[in-house]
Amino acid sequence: MKRIGILASHNGSGFEAIQKACEQKILNAQVVLVISNNTDAKVLQKAANKNIPNFIVNAKKYPDENLDEKITNLMCEFRVDYIFLSGFMKKLEKNLIKSFKNRIINSHPALLPKFGGKGMYGTNVHKAVIKAKEKSSGCTVHYVNENYDEGEYILQKSFLLDENESVESLENKIKSLEATTIVEALKKVVNNS
Ligand SMILES: Nc1nc2c(c(=O)[nH]1)N[C@@H](CN(C=O)c1ccc(C(=O)N[C@@H](CCC(=O)O)C(=O)O)cc1)CN2
Ligand SMILES: NCC(=O)N[C@@H]1O[C@H](COP(=O)([O-])[O-])[C@@H](O)[C@H]1O
């Protein structure tokens, strides 16, 4: 059974979708570790509620340590096979990516390569899509490389926007689409490994 480690900065909606799929045996995997850079992240309590080991890794807690090295060490200690970024807001450094080559996966809330890169996270993405008067949006599940949102795509899903789409309605639709797309993408990866 493959072992999944989660990196999340806030709610961990992607983590919840993965955890549910594991419990329902849709995914032959288990979430063994959750790490957040945010002391107040709701994902930490969600992990605790599932008796999943969870840790805060940030500069406040580890002022003299390389945070990516700390993350790498924890992922190795828990024998993680794949890392999933569930709304993780920090750029992963080269060494962590090398340690988990082609084993770090992210869900981006837009149809890459458009609306990606530095600054493109959370509602910033949806605001940009609406401002650009895009006819469609969606999500892209991709491998993570050294640059933001430039890794190989695993799965991309899209839908047409309503005429009066709001940032909030778009965010909700994207998160709902991600819940199924993330699991479908991970099934492809986990089942082929
Ligand atoms: N090396 C990589 N690291 C990360 C990737 C990646 O593809 N390669 N994906 C991101 C997730 N992400 C989009 O999907 C993303 C997250 C955050 C940002 C961003 O601009 N962050 C700000 C800081 C925001 C904050 O501190 O709250 C910044 O870098 O200035 C862009 C894209 C996760 N890591
Ligand atoms: N570019 C990164 C990014 O914007 N990731 C996005 O954060 C949301 C997770 O939020 P959550 O913390 O509420 O689960 C997800 O929609 C994900 O695509």
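All values reported here derive from a predicted model rather than from experimental measurement.

The next point concerns the pairing of strand β4 (residues 82–85). Side-chain alternation along β4 places Tyr 82 and Phe 84 on one buried face and Ile 83 and Leu 85 on a second face that is also buried. Where β4 lies against strand β5 (residues 104–108), 3 bridges are found, and the strand directions are parallel. From the neighbouring strand, Leu 85 faces β5, where its bridge partner is Asn 106. Since β4 and β5 lie parallel, the crossover through helix α4 (residues 94–99) that links them has a hand, and here it is right-handed.

Here we come to the layout of surface pockets. In this model, the largest pocket occupies a volume close to 750 Å³. Along the walls of the largest pocket sit 36 residues, with Gly 87, Phe 88, Met 89, Tyr 121 and Gly 122 positioned nearest its centre. Contributing elements (two or more residues each) for the lining of the largest pocket: α1 (13–23), β4, β5 and α6 (167–191). When residues of the lining of the largest pocket are assigned to their parent elements, the largest contribution, 4 residues, is made by α6.

Another point: the site of ligand 1. Of all residues adjacent to ligand 1, which total 21 residues, the nearest are Lys 90, Asn 106, Lys 118, Gly 119 and Tyr 148. Side-chain polar atom of His 108 to an oxygen atom of ligand 1: 3.0 Å apart, as the coordinates give it. A distance of 2.8 Å separates a nitrogen atom of ligand 1 from a polar backbone atom of Asn 145. A total of 710 Å² of accessible area belongs to ligand 1 in isolation, and the protein chains cover 85% of it. According to the grid-proximity analysis, the pocket containing ligand 1 is the largest pocket. The class makeup of the residues in the shell around ligand 1 is 9 nonpolar, 7 polar and 5 charged.

Quick look at α6 now. Its 25 residues give α6 an end-to-end C-alpha distance of 35 Å, which sits within 8% of 36 Å, the value for a rise of 1.5 Å per residue. Of all the bends in α6, the greatest measures close to 30 degrees and is centred on Glu 178. Three or more residues of α6 are buried, namely Leu 170, Ile 174, Leu 177, Glu 178, Thr 181, Ile 182, Val 183, Ala 185, Leu 186, Val 189 and Val 190.

Moving on, we come to the UniProt feature "domain: Formyl transferase N-terminal" (unreviewed entry) in the protein. The feature "domain: Formyl transferase N-terminal" (unreviewed entry), as given by UniProt, occupies residues 2–186 in the numbering adopted here. Overall, residues 2–186 shows 35% helix and 23% strand. The separation of its end C-alpha atoms is 11 Å.

Okay, the nonpolar core next. Core analysis: the biggest nonpolar cluster contains 31 residues, and Ile 4, Ile 6, Phe 15, Ile 18, Val 31, Val 34 and Ile 105 have the highest contact counts within it. Counting residues per element, this core draws most heavily on α6, at 6 residues. For Val 31, the contacting residues outside a window of four places in its chain are Ile 4, Ile 6, Phe 15, Ile 18, Gln 19 and Ile 52. Counting residues in each nonpolar core, the second largest holds 20 residues, with Ile 35, Phe 78, Val 80 and Phe 100 among its members.

Before going further, it helps to spend a moment on helix α2 (residues 42–49). Within α2 the residues assigned to the buried category are Val 43, Leu 44 and Ala 47. Looking down the long axis of α2, one finds its buried residues gathered within 105 degrees of arc, a one-sided arrangement. Facing away from the buried surface of α2 by more than 90 degrees, the exposed residues are Lys 42 and Asn 49. Looking at the buried residues of α2, the elements they touch are β1 (2–8), α1, β2 (29–36) and β3 (54–56). Positioned one or two residues after α2, Asn 51 has a phi angle of 55 degrees, which is positive.

With that settled, consider the sheet that holds β1. Across a sheet, paired strands are connected by hydrogen bonds in the backbone, their directions being either parallel or antiparallel. Strand order across the open sheet formed by 7 strands is β3-β2-β1-β4-β5-β6-β7, with mixed pairing between neighbours. Two strands close off the open sheet at either side, each with one partner strand: β3 and β7 (153–160). Averaged over all adjacent pairs, the angle separating strand axes in this sheet is 20 degrees, with direction ignored. With 4 bridges connecting them, β5 and strand β6 (residues 136–143) associate as antiparallel partners. Bridge pairing links Ile 105 to Tyr 143 in β6. Here α1 sits on the sheet in contact with β1, β2 and β4, set at roughly 160 degrees to β2. Lying over the sheet, helix α3 (residues 67–77) contacts β1, β2, β3 and β4, oriented at roughly 155 degrees with respect to β2.

Cut-off values and rules
Residues numbered from 1 in each chain as written. Chains lettered and ligands numbered in written order. Predicted model: local features only at pLDDT ≥ 70, side-chain atom pairs only at ≥ 80, totals over all residues. Heavy atoms only, no water. Buried < 20%, exposed > 50% of the residue type's maximum accessible area, 1.4 Å probe, protein only. Helix = DSSP H or I, 4+ residues; strand = E, 2+ residues; numbered from the N terminus. Pairing = 2+ DSSP bridges. Right-handed = clockwise from strand over helix to strand, strands pointing away. 1 Å grid on protein atoms, 1.4 Å probe; cavity = no way out; pocket = protein on both sides within 12 Å on 5 of 7 lines; lining within 4 Å. Points joined across faces, edges and corners; volume = space filled by probe spheres on them. Near = heavy atom within 4 Å. Polar contact = N/O pair within 3.5 Å; in protein donor to acceptor, adjacent residues only side chain to side chain. Areas by Shrake-Rupley, 256 points an atom, 1.4 Å probe, with all protein chains shown as cover. Sits in = over half its atoms within 2 Å of the grid points. Nonpolar A, V, L, I, M, F, W, Y, C, P; charged D, E, K, R; others polar. Expected span 1.5 Å × (residues − 1). Bend = angle between axes of the 7 residues up to and from the residue. UniProt positions renumbered as here; feature names shortened; annotations may be inferred. Core = buried A, V, L, I, M, F, W, Y, C linked by side-chain atoms within 4.5 Å. Contact = heavy atoms within 4.5 Å. Arc of directions from axis to C-beta. Axes fitted to C-alpha atoms, helices over the stretch in contact; angles between N-to-C directions.

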